Amino acid sequence: MKLQRKNGRGLRALTVGAVAVSSALVLTACGSDDNSKTGGADTEAAGSIKCGGKGQLLASGSSAQKNAIDAWVQNYAAACKDVQLNYKDIGSGGGITEFLQGSTAFAGSDSALKPDEVAKSKKVCKGGQGINLPMLGGPIAITHNVSGVDDLVLDAPTIAKIFDSKIKKWDDPAIKKLNPDAKLPSTDIQAFHRSDESGTTQNLGKYLGKSAPSDWKYEDEKSWPAKGGQSASGSSGVASQVKQTDGAIGYVELSYATSQNINTVKVDTGAAKPVEATSDNASKAIAAAKVVGKGKDLAMDLDYSTKADGAYPIILVTYEVACDKGNKPETLDAVKSFLTYTASEDGQKILTEKGYAPLPAEIATKVRETVPTLS
């Protein structure tokens, strides 16, 4: 398996395949369709991993964490050769669905379980329920392909109106006001959104709802709520469409933008100057997050309307969703072993290297205390 290297603001992204051998991400096989230039596990990190369990471990969900999973898997495989992890990046909604069906050991989701999903999880987690374990954070980049414009600034109301088909031309007065020195063309805006259920979509909706409530009236759901625009499957699909379409705009995890050299929007939050989508700037916003879950559940409340200097507001936190009690005996030890590593100092160090935002120290400590108690 080849690892992805940081390229300034993020990391390469790719699509995780299905569980089938031809497209699964398998720990012991370490094969991938990643085109990065270098590979090899971090032997020092691998040496600190405590293995547990054996056999196949199935998981699915968030595509936002795919690149982190790749790096974690590489090191885990070097230490724990008796475990095979198949992870499908089918989107947060798909991952939660499979977890609630009992077909996976854990799910990756860019949004916490809803109350009705917690209720459903009790049928799978015998004697317990599904809990949210935050594992990484990062920025959602607003990407654009506007001829002659590399440096573009937008604010929340303008972003909301663009994705709600209220602003239809790139030389609209609202965009001109934010970019007085740019040569904006009269090109039609081609707005792309996710066709699948996505935590990325939901977090964008939360940002727009908090920062532009007068212009974004929709509920923050995993499915795209607004009319108009064009859809594409997964972050990779959105990135591809934006890259090849003149006048396009979309939203993806930062790694998908940097890997394809797609321009990203700076966000005018009302701070001293517009804020660029970088992992460091996302970290500043995520640091203000608070745990609002009860008991072992560590669901977090993010501040999407921050105006702090240098804090990028369009952010997400990816959770690993597992049972607090009632995990399947045949996978429990492997789940605990793998998640103990991802939450460890070594696991979190990888996130900085790859362009993600590591967990705040206080949150990471709570995750490290919770994972060993899974039963």
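Refer to the structure printed above.
Structure report, in brief.

What counts and what doesn't
- Residues numbered from 1 in each chain as written.
- Predicted model: local features only at pLDDT ≥ 70, side-chain atom pairs only at ≥ 80, totals over all residues.
- Heavy atoms only, no water.
- Helix = DSSP H or I, 4+ residues; strand = E, 2+ residues; numbered from the N terminus.
- Buried < 20%, exposed > 50% of the residue type's maximum accessible area, 1.4 Å probe, protein only.
- Axes fitted to C-alpha atoms, helices over the stretch in contact; angles between N-to-C directions.
- Parallel < 35°, antiparallel > 145°, perpendicular 65-115°, else oblique.
- Contact = heavy atoms within 4.5 Å.
- Core = buried A, V, L, I, M, F, W, Y, C linked by side-chain atoms within 4.5 Å.
- Disulfide = S-S within 2.5 Å.
- Pairing = 2+ DSSP bridges.
- Phe/Tyr/Trp six-rings, centres within 6.5 Å; stacked < 30°, edge-to-face > 60°.

**So, unusual backbone geometry**
Positive phi is not limited to glycine here, since Ser165 has a value of about 60 degrees. You can see Ser165 is positioned in the loop between helix H5 (156–163) and helix H6 (173–178). Residue Ser165 is classed as partly exposed on the basis of its relative accessible area of 28%.

**Section: the packing of helix H11 (residues 329–343) against helix H12 (residues 345–354)**
Look at H11 against H12: their axes get within 4 Å of each other, and the N-to-C directions meet at 55 degrees. Our classification of the angle between H11 and H12 gives oblique. The segment H11 lies against H12, with Tyr341, Thr342 and Ala343 engaging Glu345, Asp346, Gly347, Gln348 and Ile350.

**A look at the nonpolar core**
Grouped together as the largest cluster of nonpolar side chains are 95 residues, with contacts concentrated most on Trp72 and Ile142. Ignoring anything within four residues of it in the chain, the contact list for Ile142 reads Ile159, Phe163, Leu204, Ile249, Gly250, Tyr251, Asn263, Thr264, Val265, Tyr312 and Ile314.

**Some points on H5**
Of all the eight residues making up H5, six are buried; the element is thus mostly covered by neighbouring parts of the structure. Those residues of H5 hidden inside the fold are in contact with strand E6 (130–145), strand E7 (153–155), H6, strand E8 (190–194), helix H7 (199–211) and strand E10 (248–253). Ser165 sits one or two residues past H5 and shows a positive phi near 60 degrees.

**Describing the state of the cysteines**
Tallying each qualifying case throughout the model produces two disulfides. A sulfur-sulfur distance of 2.0 Å marks the disulfide that ties Cys51 to Cys80. Because the sign of the S-S torsion sets the handedness, a value of about -90 degrees for the bond joining Cys51 and Cys80 places this disulfide among the left-handed ones. Of the two residues, Cys51 sits in the loop between helix H1 (43–47) and strand E3 (55–61) while Cys80 sits in the loop between helix H2 (66–79) and strand E4 (83–88), which places them 29 residues apart along the sequence. Judged by relative accessible area, Cys80 falls into the buried class, the value being 3%. Counting its disulfide-bonded cysteines in sequence order, the protein shows a connectivity of 1-2, 3-4.

**What to know about the pairing of E6**
Burial runs high along E6: 15 of the 16 residues are buried. Two elements, E6 and strand E15 (residues 315–323), share nine bridges in a ladder whose sense is antiparallel. Bridge pairing links Gly137 to Val317 in E15. Judged from the six bridges that link them, E6 and E10 form a sheet pairing that is antiparallel. Pairing of Thr143 across the sheet is with Gly250, part of E10.

**Description of the packing of aromatic side chains**
Enumeration according to the criterion identifies seven aromatic pairs in this entry. A centroid spacing of 5.9 Å and a plane angle of 80 degrees characterise the contact between Phe163 and Tyr251, whose relative ring orientation is edge-to-face. Residue Phe163 is found in helix H5, and its partner Tyr251 is found in strand E10; the two are separated by 88 residues along the sequence. For the pair Trp224 and Tyr251, a centre-to-centre distance of 5.7 Å together with 20 degrees between the ring planes defines the contact as stacked. Linking Trp224 in the loop between H7 and strand E9 (230–232) with Tyr251 in strand E10, this pair joins segments that are 27 residues apart in sequence. Put simply, the rings of Phe163, Trp216, Tyr218, Trp224 and Tyr251 touch in pairs and so form one group of aromatic residues.

Functional significance is not addressed by these values, which are geometric in nature.
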